[in-house]
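Fold and geometry: a report
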Amino acid sequence: MTANGWFQIGFYLLVIFLLTKPVGIFMTRVFNRKKTFLDPVLRPIERIIYRLTGVDENHEMRWTEYAIAMLLFSGVSMALLYLLERTQKWLPFNRQEFPNVEPGLAFGTAASFTTNTNWQAYSGESTMSYLTQMAGLAYHNFASAAVGIVLAIVVIRGIARKETDHLGNFWVDTTRCLLWVLLPVCLVGSLVFVSQGVVQNLKPYTTVQLIEPQSVQVTGADGKTTTQTVTQQVIAQGPVASQEVIKEFGTNGGGFFGANSAHPFENPTPLSNFVQLVLIFAIPSGLTYTLGRMTGSQRHGWAVWAAMTFLFLIGVATAYWAEARGNPMLTGVDQNPSAMHSGGNMEGKEVRFGIANSALFATVTTDASCGAVNSQHDSFTPLGGMVPLINIMLGEVVFGGVGAGLYGIVVFVILAVFIAGLMVGRTPEYLGKKIESYDVKMAMLAILILTFTILVFSAVAIVKPFGTSSISNPGPHGLSQVLYAYVSSTGNNGSAFGGLGVNTMWYNTSTAVAQLLGRFFMIIPVLAIAGSLAKKKTVPESAGTFPVDGGLFASLLVSTILIVGALTFFPALSLGPILEHLLMSAGKAF
């Protein structure tokens, strides 16, 4: 570890802190339908959209109606993406003449992008046409992000409003999110990325002659290995910059290229890398301020932000330490940082980013439900790779995905105040609302569906041939690969331990089911909580009210998150990364 590395991490957190208030205020004004500087341009467009679609912007929905509208929107969008993938061979903008995507992969990809997971069992530059990338995948990056954000707003409204069953209008909220929040930043951000060298065109791939021919080993269908001389290289390109911004800003994570943000056409410079990191946390961090602003308790919003920040610092410090420490089994190799190299465990990392930025990116992308990567998590040390695993296991509530992180941590807030109420022997309260058995049951249901899905699918995959046949590493690391696949899918993250071969019927289908369960079976209980809270009366604070705006609350919230995660997943972690770390420390390979 170096002072420069810590400075970069500290500077990043400072920028996120400075963005939190302005982003939070802007989103508060957008969703409270207050005037913004973008209204003269966007308000006429919004009215035209409502006129064409027949939406009554003054109509407000109950939580059940809101949920049905969200499910219908997501279901139709998923079906259209599946159809686009299955017919791309005959559609325009297929410059490389890619065939139609096979059914299992098409279904898995459609479910993945609909749920904001962006799990990719393929390399985009060799599978998806330009039309599929733009009209299918990029569209879902916007749509799924907007859905997450408006659901967080509904939860905040449920906390803020009283004695009502009206929580807003899904179609209005989604439209305003797309027009005011996502599109303006993506238009400007795309130009910034182009200025850094991110590719943006519709040209066919370029074939170039190699200056020095390369000899490669090729295994034929008969199992025999032959040596071939390669004299040409195909350079993939396309509409990358326009997809790159929403990939990060919407915490989607699906890359145009298989190498994702480690590819120089997606992430060419340290500046582009830093901008991508900032984009990932911008909305999730800002929503904590929106929570405080809309509920009238700004100190509570900052307390939630502080709890998230504390967990973030624990994760990034652990990952940075583990990767900078290196691999003790590489005897005779200088792993100390110097002017000539960054030292540490550089396997799977880009030299232009080094250890600090790789550890930071891995932590940020799994704290949020983003899943974009600028290094390969499969190549991290056992403890370094355990950090992304734990981040997702905790429910990605450390800032989290756009919207998903906020409504996810509200679930833990309800559990925290419930525990506090038990300790003082009175009915728990949250910002003036009584937390009753129904609210706690819905919160536990949201948590248990994630746990059940992850552990059941992982257990099946680790004992059946159709699951174990895809594992590239034996021993505990193989378990970590399988566990990461279902943790990432259920948590709608999308990153992976890339050593696991997931383009099979089992993994395409099971991960898609896990993604749908992790997204929608958590959303429904959360919306039910919002509806329940909105109907309640507010009660005045008393001497027995547990304050939710100070350090004690933030500590209890952190403890609740860690205890739930530890009790649930510690046995699996003990057999995976923890055991792998002990074996590595003892000098044993597997």
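Above this text sits the structure in question.
Below, the structure is looked at part by part.

Reading the values: the criteria
Residues numbered from 1 in each chain as written. Predicted model: local features only at pLDDT ≥ 70, side-chain atom pairs only at ≥ 80, totals over all residues. Heavy atoms only, no water. Helix = DSSP H or I, 4+ residues; strand = E, 2+ residues; numbered from the N terminus. Rg over C-alpha atoms; globule rule 2.2 N^0.38 Å. Buried < 20%, exposed > 50% of the residue type's maximum accessible area, 1.4 Å probe, protein only. Contact = heavy atoms within 4.5 Å. Areas by Shrake-Rupley, 256 points an atom, 1.4 Å probe, with all protein chains shown as cover. Lys, Arg positive; Asp, Glu negative; His and termini not counted. Charge placed at Lys NZ, Arg CZ, Asp CG, Glu CD. Salt bridge = Lys/Arg side-chain N within 4 Å of Asp/Glu carboxyl O. Disulfide = S-S within 2.5 Å. Patch = residues over 30% accessible without salt bridge, like charges linked within 9 Å, V, L, I, M, F, W, Y side chains within 5 Å. Core = buried A, V, L, I, M, F, W, Y, C linked by side-chain atoms within 4.5 Å. 1 Å grid on protein atoms, 1.4 Å probe; cavity = no way out; pocket = protein on both sides within 12 Å on 5 of 7 lines; lining within 4 Å. Points joined across faces, edges and corners; volume = space filled by probe spheres on them. Polar contact = N/O pair within 3.5 Å; in protein donor to acceptor, adjacent residues only side chain to side chain. Expected span 1.5 Å × (residues − 1). Bend = angle between axes of the 7 residues up to and from the residue. Axes fitted to C-alpha atoms, helices over the stretch in contact; angles between N-to-C directions. Left-handed = near helix turned anticlockwise from the far one by under 90°. Nonpolar A, V, L, I, M, F, W, Y, C, P; charged D, E, K, R; others polar. Parallel < 35°, antiparallel > 145°, perpendicular 65-115°, else oblique. Phe/Tyr/Trp six-rings, centres within 6.5 Å; stacked < 30°, edge-to-face > 60°.

Counting its regular elements, the chain contains 17 helices and four strands. Expected size for 590 residues packed as a compact globule is a radius of gyration near 25 Å; at 24 Å, the chain falls within 12% of this value. C-alpha atoms of the chain, sized along the principal axes, occupy 80 × 60 × 50 Å. Here the chain holds 590 residues, and 57% of them are scored as buried. Long-range contacts, defined as pairs at least 24 residues apart, comprise 77% of the intrachain contacts of the chain with a sequence gap of at least 6. Accessible surface, the chain as shown: approximately 23500 Å² in total, 65% of it carbon and sulfur. Distance between charge centroids for the chain: 8 Å, based on 34 positive and 31 negative side chains.

On to the pattern of salt bridges, then. Throughout the structure, instances matching the rule amount to 14 salt bridges. For the salt bridge of Lys-247 with Glu-248, the shortest nitrogen-to-oxygen distance reads 3.5 Å. Accessibility assignment for this pair places Lys-247 and Glu-248 in one class, buried. Put simply, Arg-352 and Glu-350 hold a salt bridge, and the shortest N to O gap is 2.3 Å. Overall, the relative accessible area of 25% leaves Glu-350 in the partly exposed class. Three or more residues are tied together by salt bridges with common partners; here these are Arg-43, Glu-46, Glu-57 and Arg-176.

With that settled, consider the state of the cysteines. On inspection of all chains with the given rule, the structure shows zero disulfides. Not engaged in a disulfide, the cysteine Cys-177 finds its nearest cysteine sulfur in Cys-186; these two sulfurs lie 10 Å apart. Residue classification places Cys-177 among the buried residues on the basis of a relative accessible area of 0%. The exposure class of Cys-186 is buried, given its relative accessible area of 4%.

Here we come to a nonpolar patch on the surface. Together, Phe-7, Phe-11, Leu-14, Phe-17 and Leu-18 make up an exposed nonpolar region whose accessible area comes to about 510 Å². Residue position: Leu-14 is located in helix 1 (residues 3-31).

All right, on to the nonpolar core then. Membership of the largest hydrophobic core comes to 129 residues, with the highest contact counts inside it found for Leu-182 and Phe-312. Of all the elements, helix 5 (residues 130-160) adds the most residues to this core, at 15 residues. Setting aside residues no more than four positions away along its own chain, Phe-312 makes contact with Tyr-12, Leu-13, Phe-281, Leu-360, Thr-363, Val-364, Asp-367, Val-398 and Phe-399. Core analysis: the next-biggest nonpolar cluster, separate from the first, contains 24 residues, Phe-113, Met-128, Ala-461 and Ala-514 among them.

Let us look at empty space enclosed by the protein. One pass over the structure, following the stated rule, counts six cavities of 30 Å³ or more. Considered as a void within the structure, the largest cavity measures approximately 350 Å³ in volume. Forming the boundary of the largest cavity are 32 residues, of which Gly-395, Glu-396, Leu-450, Gly-491 and Met-522 lie nearest the centre. When residues of the lining of the largest cavity are traced back to their parent elements, those giving at least two are helix 11 (382-393), helix 12 (404-424), helix 13 (437-463), helix 15 (476-490), helix 16 (505-535) and helix 17 (551-585).

Relative to the helices and strands, Thr-453 is located in helix 13. Within polar-contact distance, the side chain of Thr-453 engages the backbone oxygen of Ile-449 at 2.7 Å. Setting aside chain neighbours within four positions, we find Thr-453 in contact with Thr-490, Ala-514 and Leu-517.

A word on helix 1. Its 29 residues give helix 1 an end-to-end C-alpha distance of 42 Å, which sits within 8% of 42 Å, the value for a rise of 1.5 Å per residue. A bend of about 35 degrees at Thr-20 is the largest found in helix 1, and the proline Pro-22 appears one to four places after it. Just downstream of helix 1, Arg-33 is the residue with a positive phi angle, here 60 degrees.

For helix 10 (residues 354-367), which comprises 14 residues, the first-to-last C-alpha distance of 20 Å matches the rise-based estimate of 20 Å (1.5 Å per residue) to within 8%. The buried fraction of helix 10 amounts to 14 of the 14 residues, a majority that puts the element mostly inside the structure.

Before going further, it helps to examine the packing of helix 13 against helix 15. Between helix 13 and helix 15, the least distance of the axes is 9 Å, while the angle of their chain directions is 145 degrees. Viewed along their axes, helix 13 and helix 15 form a crossing whose handedness is right-handed. For the pair formed by helix 13 and helix 15, the contact residues are Leu-450, Thr-453, Ile-454, Phe-457, Ser-458, Ala-461 and Ile-462 on the first element and Gly-478, Leu-479, Val-482, Leu-483, Tyr-486, Val-487 and Thr-490 on the second. Of the residues assigned to the contact of helix 13 with helix 15, the class counts are ten nonpolar, four polar and no charged.

We now examine the environment of Lys-535. With respect to the helices and strands, Lys-535 occurs in helix 16. Separated by 399 residues in sequence, Lys-535 and Gly-136 have C-alpha atoms that sit 39 Å apart. What Lys-535 contacts, discounting residues up to four positions off in sequence, is Glu-163, Thr-164 and Asp-165.

Okay, a positive patch on the surface next. A cluster of basic residues, Lys-21, Arg-29, Lys-34 and Arg-293, forms a positive patch at the surface. Structurally, Lys-34 can be placed in the loop between helix 1 and helix 2 (39-53). The class for Lys-34 is partly exposed, based on a relative accessible area of 46%.

The subject of this paragraph is the environment of Thr-64. Relative to the elements of secondary structure, Thr-64 occurs in helix 3 (residues 63-87). Linking Thr-64 and Val-41, residues 23 residues apart in sequence, is a C-alpha distance of 33 Å.

Okay, the packing of helix 8 (residues 270-295) against helix 10 next. Packing of helix 8 against helix 10 brings their axes to within 10 Å, and their N-to-C directions diverge by 25 degrees. In terms of orientation, helix 8 lies roughly parallel with respect to helix 10. For the element pair helix 8 and helix 10, the recorded crossing hand is left-handed. Contacts between helix 8 and helix 10 involve Asn-273, Gln-276, Leu-277, Ile-280 and Phe-281 on the former and, on the latter, Asn-357, Leu-360, Phe-361, Val-364 and Asp-367. The class makeup of the residues in the contact of helix 8 with helix 10 is six nonpolar, three polar and one charged.

Each aromatic ring pair is characterised by the separation of its centres together with the angle its planes make. Applying the stated criterion to the full structure yields 29 aromatic pairs. Between Phe-281 and Phe-399, the aromatic rings sit 4.6 Å apart at their centres with planes inclined by 40 degrees, giving tilted as the arrangement. Residue Phe-281 is found in helix 8, and its partner Phe-399 is found in the loop between helix 11 and helix 12; the two are separated by 118 residues along the sequence. Note on Phe-281: relative accessible area 1%, which makes it buried. Aromatic side chains Tyr-484 and Phe-497 sit 4.6 Å apart centroid to centroid with 25 degrees between the ring planes, which places their arrangement in the stacked category. Within this pair, whereas Tyr-484 is found in helix 15, its partner Phe-497 is found in the loop between helix 15 and helix 16, the two being separated by 13 residues in sequence.

Take it as geometry only, folks, not as evidence of what the structure does.
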